[in-house]
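Below are the chains, spelled out letter by letter.
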Amino acid sequence: MDRSIFTYIIKHTLRDQVLILLLTLVTFPLVYASLDVPKQIINKALAGKDIPEMILGYEMNQISYLLALCFLFLALVIINGALKYVLNVYRGVVGERMLRNLRLELYSRILRFPLPHFKKVSQGEIIPIITAETEPLGGFIGDAFALPAFQGGLLLTYLVFIFNQDPFLGMAAIGLYPLQMYVIPKLQRKVNALSKERVLAARRLGDKVGDSMAGIQDVHTLGTTEYERVKIASRLQNIFEIRFDIYKRKFFIKFLNNFLSKVTPFFFYSIGGYYVIQGELTLGALVAVLAAYQDLDAPWKELLKYYQTKEDVRIKYEQIVEQFSPDAMLPEHRLNEGDTRLEQLNDEIAFDRIFFSDSDASTQLEGISLKLNLRQSIALVGDNESGASELAQLICRLQNPDRGGINLFGHDLQQINEPALSHTICFVGSRSHLFAGTIRDNLLYGLHQPSAFEPYDPKIYEQTIDHDGLKLTQTPYSSLQALQDEILSLSSLFELDSDLYRFGLQQSMANAPDRELAQKLINLRFQLQKHLADAGMEDLVEPFDPERYNTNISVAENILFGSCTDQSLDINTLHLDDSLQRVLTRNKLMPVALSIGYKIAETMIELFSGLEPGNEIYERFSFISAEDLPEYQELVSKYPQDKVETLPKDSQEKLLALFMKLIPARHRLGLVDDAIQQALVVVRKEFSDVQQGRRTLVHYRFDQFNELLSIQENILFGKLSYGKANAQQKVAEIIDQLIDEHGLREDILHYGLEYEVGTAGAKLQAATRQKLALIRAMIKQPRVMVVDQASNALDEQSEQRILSRLISSSPCSLVWVVNRQHLIPLFEHRVEMTKGQITAQH
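> Could you clarify how one ought to interpret the overall build of the chain in this entry?
The number of helices and strands found in the chain is 31 helices and 16 strands. Within the chain, buried positions represent 45% of all 842 residues. Residue pairs at least 24 apart in sequence account for 76% of intrachain contacts in the chain once pairs closer than 6 positions are excluded. Carbon and sulfur atoms make up 54% of the accessible area of the chain, which totals about 43800 Å².

Put into structure tokens, the structure is as follows:
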């Protein structure tokens, strides 16, 4: 990156800057004319002197001349305003375009960072630089040359006009400028140093916040929440003190500018007034000079502000360049240039006297010379300090040797470009990253291989993308069906299909509706109920029936009795809905609901008031959180039960919230009898009628598939009964049996691929994450797959079964870092390592 912000701007926006400057130059004569016209109005049109007889063929008198000058002034104002609008928009567009390109360039440089550098920097430092710290640069880039040219030109135009009226007044106008130009830069230098310190302090704060978030589990486990809060408070105090010092100095600069700008009119009034009295200066000229000086103040302040901004931006840019220019960055051409296929000249990986040490010198390789025949399965055997993992990373060029050379298939590894290398060899580590998105997104991630960066064009994009953002022509697969078959085949090989099936049952079909499958699932619904009835197990599930109250779901769920995407109809906030409150009142259920809510509050207070906050019993059994319990204690102690109808609205809503959470079959409080249940069924129907045309509410109907429910919920179409032994297991086994009988498992597996994995795969177990990482690599169909303990989260039996099948069936060569003894005999070639040395080969 260019070291100077101005060099960077000229390099990338020279044409735009020239056009902006040309537009700026056009405005100056118009500005001068707009200053001169008021003088002509006062001295000629109003005074009735020197009025021309004709203008553009029209006869002039004093009135018509006055109107002509006034309309001329109005035209100049409009033209000047239009030019300023065009300039401002143009500058804004140039700035935003460059800000976009700068951010992309910074991200591209992150991709070129050497891997050891990521151990020295944190996300908390890097992310704010790209997202926040670059923001001021965007505004400055558009103004870098245009603003000083425009404001400086305005200043010069005003000064020329003032000097033309009287040289002494001109000298008075600029008399204090030298003082400002000497003092302000000295003050600004200190502000610049403080600004640099503030940026570094803000980065350290972001780093610490990110660090504490990453270790939040340990923070709570070790009881150091207050310690972490104090550390953050200390860093915030440091930033406060820096900013306070900056504010004092910046506003002193502003005070000085304002004071000096207000002193100058003293000379105008005294000297100019004297000349007017002596008849050496016209009143119109003095008025014009005062108006010009009033306008002169704005560009001068803008230039001073520009100077402060320039220094601030210069510091930010220099710090960004320093942060994004680490040593040993990967060459840019290696990332995206050259052939995407590597010619195979032999079947070997050859190491020639390799020396390597990591950043902290904890692991070293010394003089490794080795040839690996890739027609065999290879195990690199050793513990974490043996150097086996480092050797595996060297094979994939994730690390670079300090000395020596590595050849892959007869090519110097350092000369192979990344597209060709990624097609040839794939690395899977024990902590391979999963990206936020679905399982499918992660499995197909490695197939996204654009040949080069191209600006986004929707039309071109839509024409060339076949599925899921993939260009199938650039993948090893001839069709989408072939790709899907490979995913399912690998899922079976790595024993992921059971997880996918479970995830699929939890998925809804809202984002990918399949009417044919939906109808088949409705048929399963009928068969499930028949199967349960035939087996005498119908009491395990209470089905959804529009004419009956379901005792295994809450009051709120019974009233809603359907699914809705409208957040205002969420079961947790339904008690706040005004239309529901009116329906309850109309059916005379509001007093009953409030009374039941009051009794629930009393019961909860009696049972849980002695427990410490954070006790898991709150989560399992209580209607009320530990934080809300004091509010209900105050409510119950302040108001008796027979006064619930007179409570304030917010207190009534608290009690109504408890009533809405009540599940009769689960809580067994005996508060909702048959009469109340029937009344709530009536409320359900009336509330549904009220929502017609207002909100999209999909009601539970036995013959209708509900796309907002999961596949399993659609099949079940009811709620498991509380208190029935092994109800969930028994019903799940029947559902699995019915799905297999009707050949629907594969369809559900496809929906399992749409399961959201969460940030870094946080919603998945470690073993599942490792399986996905291995499958993702296999989907690329590389010629060599290097695996560094990427199956250590699996149990021994599963790991051995999967690895045995992989070795016997995989078309690619396997190089596997192994530290478990039971896996070693599975490999044809074994390289044993200890403390960076090869100790044996078999």
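> Got a minute to help me understand the pattern of salt bridges in this structure?
Close approach of charged atoms allows side chains of opposite charge to pair. Applying the stated criterion across every chain, the model contains 21 salt bridges. One salt bridge connects D2 with K11, and the closest N-O pair in it is separated by 3.9 Å. By relative accessible area, which is 18% here, D2 ends up buried. Since its relative accessible area comes to 58%, K11 is described here as exposed. The salt bridge partner of R97 is D16, with a shortest N-O separation of 3.4 Å. Placement of the pair is R97 in helix 2 (residues 62-111) and D16 in helix 1 (residues 5-46), with a sequence separation of 81 residues. We classify D16 as buried; its relative accessible area is 11%. Connected through shared salt-bridge partners, E495, R801 and R805 make up one network.

> Please clarify how the nonpolar core should be interpreted in this entry.
Note that soluble globular proteins tend to have their nonpolar side chains buried in a common cluster. Core analysis: the largest hydrophobic core is formed by 73 residues, its most contacted members being I439, F494, L521, I739, I779, M785 and L806. The dominant element in this core, judged by the number of residues it contributes, is helix 30 (residues 766-779), at eight residues. In contact with I439, other than residues within four places in its own chain, are L500, F503, G752, L753, Y755, V757 and L772. The next biggest cluster of nonpolar side chains, apart from the first, holds 43 residues, and it includes Y549, V555, L594 and V644.

> I would appreciate a short explanation of the layout of surface pockets in the present structure.
Over the atoms, a rolled probe matching the size of one water molecule traces out where space is still vacant. In this structure, the second largest pocket spans a volume of roughly 800 Å³. Taken together, 31 residues form the lining of the second largest pocket, with L709, S710, E713, G718 and K719 sitting closest to its centre. Taken together, the elements giving at least two residues each to the lining of the second largest pocket come down to helix 17 (497-506), helix 19 (555-560), strand 10 (562-564), helix 27 (711-716), strand 12 (718-720) and helix 28 (727-741). Ranked by the residues each element gives to the lining of the second largest pocket, the list is headed by helix 28, at five residues.

> Just checking my understanding: could you explain the sheet that holds strand 3 (residues 348-357) for this structure?
Across a sheet, strands are paired by hydrogen bonds formed along the backbone, either parallel or antiparallel in direction. Here we have four strands laid out as an open sheet, ordered 4-3-6-7, and antiparallel in their pairing. Each of the sheet's edge strands pairs with one partner strand only, and the pair in question is strand 4 (364-373) and strand 7 (411-412). Here strand 6 (residues 403-408) pairs with strand 7 via two bridges, running antiparallel. Paired with L408 across the strands is H411, a residue of strand 7.

> In this structure, what is going on with the packing of helix 16 (residues 480-493) against helix 30? I would like to understand it.
When two helices pack together, their arrangement is given by the angle between the helix axes and the distance between those axes. The interhelical angle for the contact between helix 16 and helix 30, taken along N-to-C directions, is 140 degrees, at an axis separation of 10 Å. Taken together, the axes of helix 16 and helix 30 are oblique relative to one another. Crossing of helix 16 against helix 30: the hand is right-handed. Here L483, I487, L490 and S491 of helix 16 lie close against helix 30, whose contacting residues are I775, M778 and I779. Looking at the contact of helix 16 with helix 30 residue by residue, the classes come out as six nonpolar, one polar and no charged.

> I'm lost on helix 20 (residues 578-586) in this one. Help?
Since the α-helix advances by 3.6 residues per turn, residues separated by three or four positions end up pointing in the same direction. Listing the buried residues of helix 20 in full gives S579, L580, Q581, V583 and L584. Residues of helix 20 that are buried make contact with helix 19, helix 21 (590-608), helix 24 (649-661) and helix 26 (674-691). Of the residues one or two after helix 20, K588 is the one with positive phi, at around 60 degrees.

> What is the right way to look at the packing of helix 2 against helix 4 (residues 135-143) in this model?
Packing of helix 2 against helix 4 brings their axes to within 7 Å, and their N-to-C directions diverge by 135 degrees. As summarised for this structure, helix 2 and helix 4 are arranged oblique, according to the angle between their axes. In the packing of helix 2 onto helix 4, the handedness of the crossing is right-handed. Facing helix 2, whose interface residues are R91, V94, G95, E96, M98, L99, L102 and R103, helix 4 presents E135, L137, G138, I141, G142 and D143. Here the contact of helix 2 with helix 4 is built from residues that sort into six nonpolar, three polar and five charged.

> So what exactly am I meant to see when it comes to the pairing of strand 5 (residues 378-381) here?
Regular strands place their side chains on alternate faces of the sheet. Side-chain alternation along strand 5 places I378 and L380 on one buried face and A379 and V381 on a second face that is also buried. Bridge count for strand 5 against strand 14 (residues 813-818) is four bridges, and the pairing is parallel. Each bridged residue has a counterpart across the sheet, and for I378 the counterpart in strand 14 is V815. Where strand 5 meets strand 15 (residues 829-834), four bridges bridge the pair, whose relative direction is parallel. Within strand 15, the residue paired with V381 across the bridge is E832.

> Before we go on, may I ask you to explain the confidence of the model for the chain in this structure?
Any region with low pLDDT has predicted coordinates that should not be read closely. Per-chain confidence: the chain averages 83 in pLDDT, with 89% of residues scoring 70 or above. Within the chain, the element-level pLDDT minimum falls on helix 15 (residues 458-464), averaging 37, and the maximum on helix 17, averaging 94. Ignoring residues within four places in sequence, the model shows residues 451-467, a span with pLDDT below 50, making 13 contacts including any to other chains.

> Hey, could you run me through the side chain of K316 in this one?
Take K316: it is sitting in helix 10 (residues 283-323). Residue K316 is classed as buried on the basis of its relative accessible area, which comes to 7%. Once residues lying within four places of it in the same chain are set aside, the contact partners of K316 are E133, P136, L137 and R198.

> How should I be thinking about the packing of aromatic side chains in this particular structure?
Describing an aromatic ring pair means giving the distance of the ring centres and the angle of the ring planes. This model, assessed by the stated rule, comprises 17 aromatic pairs. Between F503 and Y755, the ring centres sit 4.1 Å apart and the planes meet at 10 degrees, which makes this aromatic pair stacked. Highlighted residues: F503 in helix 17 and Y755 in the loop between helix 29 (745-752) and helix 30, separated in sequence by 252 residues. Grouped by ring-pair contacts, the aromatic residues F526, F544, F561, Y700, F702 and F717 constitute a single cluster. Over the ring of Y755 we find K763; its NZ or CZ atom is 4.9 Å from the centre of that ring.

> Is there a simple way to think about the sheet that holds strand 15 in this case?
Taken in spatial order, the six strands line up as 8-13-14-5-15-16 in an open sheet, and their pairing is mixed. Each edge of the open sheet is held by one strand with a lone partner, namely strand 8 (425-429) and strand 16 (837-841). Each adjacent strand pair in this sheet contributes to an overall mean axis angle of 20 degrees, direction not counted.

> Can you help me understand helix 28 in this one?
Here helix 28 contains 15 residues, and its C-alpha end-to-end distance of 21 Å stays within 8% of the 21 Å for a straight helix at 1.5 Å per residue. Buried within helix 28 we find A727, V731, I734, I735, L738 and I739. Projected down its long axis, helix 28 shows its buried positions confined to an angular sector of 135 degrees, all on one face. In this structure, the buried side of helix 28 is in contact with helix 17, helix 18 (515-534), strand 9 (541-543), helix 27, strand 12 and helix 29. Of the residues one or two after helix 28, G743 is the one with positive phi, at around 65 degrees.

Reading guide: rules and limits
Residues numbered from 1 in each chain as written. Predicted model: local features only at pLDDT ≥ 70, side-chain atom pairs only at ≥ 80, totals over all residues. Heavy atoms only, no water. Helix = DSSP H or I, 4+ residues; strand = E, 2+ residues; numbered from the N terminus. Buried < 20%, exposed > 50% of the residue type's maximum accessible area, 1.4 Å probe, protein only. Contact = heavy atoms within 4.5 Å. Areas by Shrake-Rupley, 256 points an atom, 1.4 Å probe, with all protein chains shown as cover. Salt bridge = Lys/Arg side-chain N within 4 Å of Asp/Glu carboxyl O. Core = buried A, V, L, I, M, F, W, Y, C linked by side-chain atoms within 4.5 Å. 1 Å grid on protein atoms, 1.4 Å probe; cavity = no way out; pocket = protein on both sides within 12 Å on 5 of 7 lines; lining within 4 Å. Points joined across faces, edges and corners; volume = space filled by probe spheres on them. Pairing = 2+ DSSP bridges. Axes fitted to C-alpha atoms, helices over the stretch in contact; angles between N-to-C directions. Parallel < 35°, antiparallel > 145°, perpendicular 65-115°, else oblique. Left-handed = near helix turned anticlockwise from the far one by under 90°. Nonpolar A, V, L, I, M, F, W, Y, C, P; charged D, E, K, R; others polar. pLDDT = per-residue confidence, 0-100. Phe/Tyr/Trp six-rings, centres within 6.5 Å; stacked < 30°, edge-to-face > 60°. Lys NZ or Arg CZ within 6 Å of the ring centre and 35° of its normal. Expected span 1.5 Å × (residues − 1). Arc of directions from axis to C-beta.

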